[in-house]
Amino acid sequence: MRRKYILFYLPLLLSLNGEAHASPTCAATVGELGVMLDNHIFPLKWVETAMDDGKPLVMSIVENNGSLFMEFTKTGEGLWAESRGVICKTGTDFEARFTGEQIRLGPAASWLLRLALKNGGKFKLTKLGSDQLRIATSSWSGIFSPTSK
C-alpha cells in the first residue's frame, strides 16, 4: 500500500525539487553581466525617450567597488535614484534587484517612488527591439534608448 502512495507522490516531489534548485542567472559585476548576456553588446548608458516633462532620466550601469551600481539622474533636477544590486535574467527580461539599504533616493525622486522603493525592490528591464529598453518599477515606467555620451 505504501509503495502505491510513494509512486503517486514521487513525480510531485521530483518537480518540487527541480524548482527549488532552479534559480535565475544573476550578475553582480559588469563582467558577470557580459557573461550572462553571452557577451552580446549591452549599452551601459540609456536616456529616457518617452517622458512628458521634457526632462529625461539618464540611467547608467557601472561597476563600483566590485559591485553593479545603477544610477538614475533626472536632467536639470539631479539624482533620482542610485543603488548597488544585482541584475538577474528572468525569462526574456531582466530585473535589477536591490534592498532598502542598497538604494538611495535623490531630491528628484517623487514621494510615490520613495514610498514604493523605501524597503527595496526591483527595476524590470525589457528589451524592445534592438535599440529600446523599458525600465519599470511598481509605480513608474519609461522607454529608454542607448546613448554614447
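Scroll up for the structure.
Calculation criteria
- Residues numbered from 1 in each chain as written.
- Predicted model: local features only at pLDDT ≥ 70, side-chain atom pairs only at ≥ 80, totals over all residues.
- Heavy atoms only, no water.
- Helix = DSSP H or I, 4+ residues; strand = E, 2+ residues; numbered from the N terminus.
- Buried < 20%, exposed > 50% of the residue type's maximum accessible area, 1.4 Å probe, protein only.
- Contact = heavy atoms within 4.5 Å.
- Areas by Shrake-Rupley, 256 points an atom, 1.4 Å probe, with all protein chains shown as cover.
- Patch = residues over 30% accessible without salt bridge, like charges linked within 9 Å, V, L, I, M, F, W, Y side chains within 5 Å.
- Salt bridge = Lys/Arg side-chain N within 4 Å of Asp/Glu carboxyl O.
- Pairing = 2+ DSSP bridges.
- Core = buried A, V, L, I, M, F, W, Y, C linked by side-chain atoms within 4.5 Å.
- 1 Å grid on protein atoms, 1.4 Å probe; cavity = no way out; pocket = protein on both sides within 12 Å on 5 of 7 lines; lining within 4 Å.
- Points joined across faces, edges and corners; volume = space filled by probe spheres on them.
- Nonpolar A, V, L, I, M, F, W, Y, C, P; charged D, E, K, R; others polar.
- Phe/Tyr/Trp six-rings, centres within 6.5 Å; stacked < 30°, edge-to-face > 60°.

**As for the overall build of the chain**
Here comes step 1: Helix and strand content of the chain: three helices and ten strands.
Here comes step 2: The N-to-C order of helical and strand elements in the chain reads α-β-α-β-β-β-β-β-β-α-β-β-β.
Here comes step 3: When burial is assessed residue by residue, the chain has 36% of its 149 residues classed as buried.
Here comes step 4: Expressed as a percentage of contacts within the chain between residues at least 6 apart in sequence, the contacts between residues at least 24 apart total 42%.
Here comes step 5: Of the accessible surface of the chain, which amounts to about 9200 Å², a share of 56% is contributed by carbon and sulfur atoms.

**Here's the deal with a nonpolar patch on the surface**
Here comes step 1: A surface patch of nonpolar side chains, about 370 Å² in accessible area, is lined by W111, L112 and L115.
Here comes step 2: By the secondary structure assignment, L112 is in helix 3 (residues 111-117).

**Considering the pairing of strand 10 (residues 141-146)**
Every other side chain in a regular strand lies on the same face of the sheet, so the side chains alternate between the two faces.
Here comes step 1: With three bridges connecting them, strand 2 (residues 45-48) and strand 10 associate as antiparallel partners. When the sheet's bridge partners are listed, W46 is paired in strand 10 with P146.
Here comes step 2: Alignment of strand 9 (residues 133-136) against strand 10, held across four bridges, turns out to be antiparallel. Each bridged residue has a counterpart across the sheet, and for R134 the counterpart in strand 10 is I143.
Here comes step 3: Joining the antiparallel neighbours strand 9 and strand 10 is a turn of four residues.

**Considerations on the nonpolar core**
Here comes step 1: Residues M59, W80, I87 and I135 are the most contacted members of the largest nonpolar core, which totals 30 residues.
Here comes step 2: The residues contacting M59, other than those within four sequence positions of it, are L44, K45, W46, M70, E71, F72, L133, I135 and F144.

**Here's the deal with empty space enclosed by the protein**
Here comes step 1: With the rule as written, the count across this model stands at two cavities of 30 Å³ or more.
Here comes step 2: Counted as a void, the largest cavity has a volume near 90 Å³.
Here comes step 3: If you trace the largest cavity, you find 16 residues lining it, with M70, S83, R84, A96 and F98 closest to the centre.
Here comes step 4: Contributing elements (two or more residues each) for the lining of the largest cavity: strand 4 (67-74), strand 5 (78-90) and strand 6 (93-99).
Here comes step 5: Top element by residues in the lining of the largest cavity is strand 5. It accounts for seven residues.
Here comes step 6: Within the lining of the largest cavity, the residues separate by chemical class into eleven nonpolar, two polar and three charged.
Here comes step 7: Taken as a whole, the second largest cavity spans an internal volume of roughly 30 Å³.
Here comes step 8: Lining of the second largest cavity is provided by L33, L37, F42, I87, F94 and L125.

**Points about the layout of surface pockets**
Here comes step 1: Volume-wise, the largest pocket comes out at about 200 Å³.
Here comes step 2: For the largest pocket, the lining is made up of 14 residues, of which L57, K74, W80, S110 and W140 are closest to its centre.
Here comes step 3: When grouped by side-chain class, the residues that make up the lining of the largest pocket number eight nonpolar, two polar and four charged.

**A look at unusual backbone geometry**
As a rule of thumb, non-glycine residues mostly have phi less than zero, and peptide bonds are mostly trans rather than cis.
Here comes step 1: Despite not being glycine, N65 has its phi angle at roughly 55°, a positive value.
Here comes step 2: With respect to the element layout, N65 can be found in the loop between strand 3 (57-64) and strand 4.
Here comes step 3: For N65, a relative accessible area of 77% translates into the label exposed.

**A short note on the packing of aromatic side chains**
Here comes step 1: Throughout the structure, instances matching the rule amount to six aromatic pairs.
Here comes step 2: By the ring-pair criterion, three or more aromatic residues cluster together here, those being F72, W80, F98, F123, W140 and F144.

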